[in-house]
There are 2 protein chains.
Amino acid sequence: MSVPGGAAALRSRLQRARAAMQAAGCDVMMLSLGADLPWVSGYEAMPLERLTMLVVGATEEQGAVLFVPELEAPRVVPQPGVFSVRPWAEHEGPVALVAELAARLVPASGGTPRVAVSDRAWSTFLLALQRLLPGWEWTVSSEVCAPLRAVKDEAEVDALARASAAADRVARALLGGEISLVGRPERDVSAEIAARLLEEGHQRVNFAIVGSGPNSASPHHEAGDRVIRAGEPVVCDFGGTLDGYCSDITRTVFTGEPEAELRRIYEVVAEAQRAGVEAARVGSPCQEVDRAARRVIDSAGFGRYFVHRTGHGIGLEEHEDPYMVEGNSAPLVPGNAFSVEPGIYVPGRYGVRIEDLVVATAAGPRPLNVADHSLVVLGP
Amino acid sequence: MSVPGGAAALRSRLQRARAAMQAAGCDVMMLSLGADLPWVSGYEAMPLERLTMLVVGATEEQGAVLFVPELEAPRVVPQPGVFSVRPWAEHEGPVALVAELAARLVPASGGTPRVAVSDRAWSTFLLALQRLLPGWEWTVSSEVCAPLRAVKDEAEVDALARASAAADRVARALLGGEISLVGRPERDVSAEIAARLLEEGHQRVNFAIVGSGPNSASPHHEAGDRVIRAGEPVVCDFGGTLDGYCSDITRTVFTGEPEAELRRIYEVVAEAQRAGVEAARVGSPCQEVDRAARRVIDSAGFGRYFVHRTGHGIGLEEHEDPYMVEGNSAPLVPGNAFSVEPGIYVPGRYGVRIEDLVVATAAGPRPLNVADHSLVVLGP
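Residues numbered from 1 in each chain as written. Chains lettered and ligands numbered in written order. Predicted model: local features only at pLDDT ≥ 70, side-chain atom pairs only at ≥ 80, totals over all residues. Heavy atoms only, no water.

K.L.:
How would you explain the layout of surface pockets if you had to name every residue and give the values?
P.N.:
Of the volumes computed, that of the second largest pocket is approximately 980 Å³. Contributions of two or more residues to the lining of the second largest pocket are made by α5 (142-149) and β12 (320-324) of chain A together with α3 (94-105) and α4 (123-132) of chain B. Partitioning the lining of the second largest pocket into residue classes produces 21 nonpolar, nine polar and 12 charged. (1 Å grid on protein atoms, 1.4 Å probe; cavity = no way out; pocket = protein on both sides within 12 Å on 5 of 7 lines; lining within 4 Å. Points joined across faces, edges and corners; volume = space filled by probe spheres on them. Helix = DSSP H or I, 4+ residues; strand = E, 2+ residues; numbered from the N terminus. Nonpolar A, V, L, I, M, F, W, Y, C, P; charged D, E, K, R; others polar.)

The following block contains the structure:
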């Protein structure tokens, strides 16, 4: 993948990650699936049964070694001064290679070795490593990397903005009636949205939820065979990856005039979304974004139908720190990027969600999505 | 997802899994990401930070409970007699809920509790569970499920055959020159192959490798911006999921007459592929498939350029047991389904791979792919 800022950005990230390792008392970091690996190396592991793992020592002198299956080694873009590459052949045991190097990185002076492993690394590899390194203390690499990754630099915000602009173009096509809905199975509309995300510049589609009629009440509905009818709400929540960074937007449209209660729900969600964005001020606790949106929905009497948190951080991963959720009292800092996406879901009947991405800046919340929030009724 | 055989098939699988748990001394099984969960439940976990986990007791009376995020609960298709559903709300801790239930499933009579967790479950969840259940012995659920899943029943072989037939139709379009190559970036050809996989009936595209010219020497090449030229080999390796089961096929085509050595390499790979299929006899060790293919390539003098095993099992997952690799002496049994995909890769120059899926049957190896293996030169 291309990295905004190039090798210099990677070296700076690795330097900050090492400082965080030392602060957390971590002797070794083992990065595999998930975004911590591409964040420090520019290389993304394939989600397959052959182990890819970057072993990082806590000091620059100890360096970092990327263990990669020999047949995938040609995919690796070398990053001088960041890591060296150790391809492993089919007859070798990659877990043993990782464990041997890790053991050499631990200071002889004693104490329980502490190692941070990718949050999304497969359990099969973690269990095998634990067997070879008994008595070690294990934690997740997000303890080291998440606070760093949660603060996007200028080039990263730029990449997120480009991804969001591409998603906005698809959202505008939806709102403008270019994507026909009535009479088509949700699955087909989802496929069209996915194709448009690619056409607009995404390299990868991460999801394209299309929930029509009663399915709009299922927040993570999987687009299926249901044929969209006239007079329904259609929740469309989609995103992809563009130059490594994610987009994520939700718009709810109507294939006919909504009844009074549904219209009211739409207005409440739109107002809750505005309130959430408005609350996203540097220095405010993350949970304040959730509370601001929830207050609007609660006071309109729909509180029990808002069954999820208000938002999630976004960057190299679709969902990452910081989360806009009750209990997260960490203050927003400039460069935090996250979704604000309240919803109301009346089981079996209908649902509405509106979502934009937002960056916290010293000058106030900066929405990355600008596609319209007005209630849109599309003709057949 | 739809399950060949329906709820009755799920109940039979769970019954066999419980017998295997008892044989392995497992008190509890915890299924999350990966295919063991859909294999016994018909439900696939979303690969996100909210935990989905099926907790299975070792006896039928203990039952099985699916912990699922409340907002995803509407996605679950109930399977009476298989599992019950416990949606968890945003303010609840799903890991604690899982640990509490697991502790109740362990016999009071003592001994170290033994639990099998999904191979692909995220490390962040495993580490959190290990903290709440100290002293427990952990293993991977493939220890329980892989030997069962490796033997496909008739309905599963049928599903694999349908997926392969769909992939074959795309391969024929490629071999017939319907997919234009010369002058297009690899990325565009990959997107067209992906779109055709969907058109032919796949619900999901898993990968569409397009490696042209020197990129054909990178077995897991990611299709990129390189523009395909005349007079090159193009390795196309693609597959998707159709009704839950995976396809996977590779063909190498030429955009101009290959030079003598490259033509020779193609013939050697084609012969190695035939030899591998021919060796896939019930009762033969899996490694014999690898050896048969490798012997052909070795004796032609290209052994050092064949850098991967000959094949992998396939089913609900793209790669699963049994693996056709040196060291796997397990004998093939009827219903084993796997790829046979030797290749020769001369770094920086060119590569060739040919792959079909095969099922071991009492009547001999049954190839699921039948698209032609002849060397095809496509015009501009």
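K.L.:
Got a sec to walk through the sheet that holds strand β6 (residues 137-140) of chain A? Specific residues and values, please.
P.N.:
Read across the open sheet, the six strands follow the order β4-β3-β2-β1-β5-β6 (chain A); overall the sheet is mixed. With one partner strand each, in any of the chains shown, β4 (84-88) and β6 of chain A form the two edges of the open sheet. Averaged over all pairs of adjacent strands, the angle between their axes in this sheet comes to 20 degrees, without regard to strand direction. Of the strand pairs in this sheet, strand β1 (residues 28-31) of chain A and strand β2 (residues 53-57) of chain A are connected by four bridges, and their pairing is antiparallel. Along β2 of chain A, the bridge assignment pairs V28 of chain A with G57 of chain A. In this fold α5 of chain A packs onto β1, β5 (114-117) and β6 of chain A, with an angle of close to 25 degrees to the strand it touches most, β6 of chain A. Sitting on the sheet, α4 of chain B touches β5 and β6 of chain A, and the angle it makes with β6 of chain A is about 135 degrees. (Pairing = 2+ DSSP bridges. Axes fitted to C-alpha atoms, helices over the stretch in contact; angles between N-to-C directions. Contact = heavy atoms within 4.5 Å.)

K.L.:
I'd like a rundown of the pattern of salt bridges, residues and numbers included.
P.N.:
All names here are of chain A. Going through the model one piece at a time under the given rule, you end up with 60 salt bridges over all chains. Salt-bridge contacts for R114 lead to E143; the nearest nitrogen and oxygen are separated by 3.3 Å. On the criterion of sequence distance, the pair formed by R114 in strand β5 and E143 in helix α5 is long-range, its members being 29 residues apart. Note that E232 is salt-bridged to R226, the shortest N-O span being 2.6 Å. Neither residue differs from the other here; E232 and R226 are each classed as buried. One connected set of salt bridges, linked through shared partners, spans D36, R120, R149, K152, E317 and E320. (Salt bridge = Lys/Arg side-chain N within 4 Å of Asp/Glu carboxyl O. Buried < 20%, exposed > 50% of the residue type's maximum accessible area, 1.4 Å probe, protein only.)

K.L.:
Provide a residue-level description of unusual backbone geometry, including the pertinent values.
P.N.:
Residues and elements named next belong to chain A. That bond from D321 to P322 is cis: its omega, -5 degrees, falls within 30 degrees of zero. Looking at where P322 falls in the secondary structure, it is placed in strand β12. Although it is not a glycine, D243 adopts a positive phi angle of roughly 50 degrees. With respect to the element layout, D243 can be found in the loop between β8 (233-242) and β9 (245-246). Note on D243: relative accessible area 25%, which makes it partly exposed.

K.L.:
Account for the interface of chain B and chain A, naming residues and giving values.
P.N.:
The interface is formed by 38 residues belonging to chain B together with 38 residues belonging to chain A. Summing both sides of the interface, chain B and chain A together bury roughly 3,400 Å²; the carbon and sulfur share of this comes to 56%. Between the two partners, chain B and chain A, sit 17 residue pairs in polar contact (both at pLDDT 80 or more). Elements represented by at least two residues in the side of chain B that touches chain A include exactly α4 and β6 (137-140) of chain B. A per-element tally of the side of chain B that touches chain A places α4 of chain B first, with six residues. For the side of chain B that touches chain A, the residue count by class is 15 nonpolar, 11 polar and 12 charged. (Buried area = accessible area lost by both parts, 1.4 Å probe. Polar contact = N/O pair within 3.5 Å; in protein donor to acceptor, adjacent residues only side chain to side chain.)

K.L.:
Pulling in residues and values, what's your account of the environment of T59 of chain A?
P.N.:
Residues and elements named next belong to chain A. Here T59 shows up in the loop between β2 and β3 (64-69). Residue class for T59 comes out partly exposed when judged on its relative accessible area of 29%. Sequence separation between T59 and R18 is 41 residues; the distance between their C-alpha atoms is 6.5 Å. If we ignore the near neighbours within four places in the chain, the residues touching T59 are R18 and Q22.

K.L.:
Summarise the relation of the copies chain B and chain A; cite the residues concerned and give the values.
P.N.:
The pair of chain copies shares a relation made of a rotation about an axis and a shift along it. Expressed as a screw operation, the relation of chain B to chain A combines 0.0 Å of axial shift with a rotation of 180 degrees, fitting to an RMSD of 0.0 Å. When the rotation and shift are considered jointly, the pair of chain copies conforms to a two-fold rotation axis. Of all interface residues in chain B, 100% are interface residues in chain A too; the two copies therefore contact each other through one and the same surface. (Least-squares fit on C-alpha atoms with pLDDT ≥ 70 in both.)

K.L.:
Let's hear about the domain arrangement of chain A: which residues, and what values?
P.N.:
Residues and elements named next belong to chain A. When cut into domains, chain A gives domain 1 (6-149) and domain 2 (154-367). A C-alpha centroid distance of 34 Å is found between domain 1 and domain 2. Across the boundary between the two partners, domain 1 contributes eight residues, which contact eight residues of domain 2. Here domain 1 and domain 2 share an interface that buries about 660 Å² over both sides, 35% of which is from carbon and sulfur atoms. In this structure, the connection of domain 1 to domain 2 is made through five salt bridges. (Domains from an automatic or database assignment.)

K.L.:
Lay out the side chain of S41 of chain B in plain terms, naming residues and giving numbers.
P.N.:
Residues and elements named next belong to chain B. Take S41: it is sitting in helix α2 (residues 36-41). S41 sits in the buried class, given a relative accessible area of 1%. For S41, the side chain forms a polar contact with the main-chain oxygen of L37, separated by 2.7 Å. Look past the residues within four positions of S41 in its chain and what remains in contact with it is L10, L54, Q79 and F83.

K.L.:
Before we move on, could you go through the sheet that holds strand β3 (residues 64-69) of chain B and cite the residues and values that matter?
P.N.:
Residue and element names in this part refer to chain B. Taken together, the six strands give an open sheet; going across it, the order is β4-β3-β2-β1-β5-β6, and neighbouring strands pair in mixed fashion. Two strands bound the open sheet, and with one partner strand each, they are β4 (84-88) and β6. Mean inter-strand twist for the sheet, computed between neighbouring axes without regard to direction, equals 20 degrees. Sheet analysis places β3 next to β4, joined by five bridges and oriented parallel. In the strand pairing of β4, V65 is matched with S84.

K.L.:
Just give me the short version of the confidence of the model for chain A, but keep the residues and values in it.
P.N.:
Low pLDDT marks regions whose predicted coordinates should not be analysed in detail. Mean pLDDT over chain A: 96, with 99% of residues reaching 70 or higher. As scored by the predictor, the complex reaches a pTM of 0.93 and an ipTM of 0.93. (pLDDT = per-residue confidence, 0-100.)

K.L.:
Explain the nonpolar core to me, using residue names and the numbers behind them.
P.N.:
Formed by 139 residues in total, the largest nonpolar core has its most connected members in M30 and W138 of chain A together with M30 and W138 of chain B. When neighbours within four sequence positions are excluded, W138 of chain B is seen to be in contact with L127 and R131 of chain A together with M30, V115, V117, L126, L129, Q130 and L133 of chain B. (Core = buried A, V, L, I, M, F, W, Y, C linked by side-chain atoms within 4.5 Å.)

K.L.:
Which residues make up the packing of aromatic side chains, and what values go with them?
P.N.:
Within this structure, the stated rule accounts for four aromatic pairs over all chains. Pairing W122 of chain A with F125 of chain A gives two aromatic rings, centres 6.1 Å apart and planes at 10 degrees, and the pair type is stacked. With relative accessibility at 8%, the residue W122 of chain A sits in the buried group. The class for F125 of chain A is buried, based on a relative accessible area of 11%. Ring geometry for F254 of chain B versus Y266 of chain B: centroids 5.6 Å apart, planes at 70 degrees, classification edge-to-face. Residue F254 of chain B is found in strand β10 (residues 249-254), and its partner Y266 of chain B is found in helix α8 (residues 260-278); the two are separated by 12 residues along the sequence. The burial state of F254 of chain B is the same as that of Y266 of chain B; both residues are buried. Over the ring of F306 of chain A we find R294 of chain A, and its NZ or CZ is 4.0 Å from the ring centre. (Phe/Tyr/Trp six-rings, centres within 6.5 Å; stacked < 30°, edge-to-face > 60°. Lys NZ or Arg CZ within 6 Å of the ring centre and 35° of its normal.)

K.L.:
Lay out helix α9 (residues 286-299) of chain A with the relevant residues and their values.
P.N.:
Residue and element names in this part refer to chain A. The end-to-end C-alpha separation of α9 is 21 Å, in line with the 20 Å expected for 14 residues at 1.5 Å each. What α9 keeps buried is the set C286, Q287, V289, D290, A292, A293, V296 and I297. Buried positions along α9 lie against α8 (260-278), β12, β13 (337-340) and β14 (343-346). Positioned one or two residues after α9, G301 has a phi angle of 90 degrees, which is positive. (Expected span 1.5 Å × (residues − 1).)

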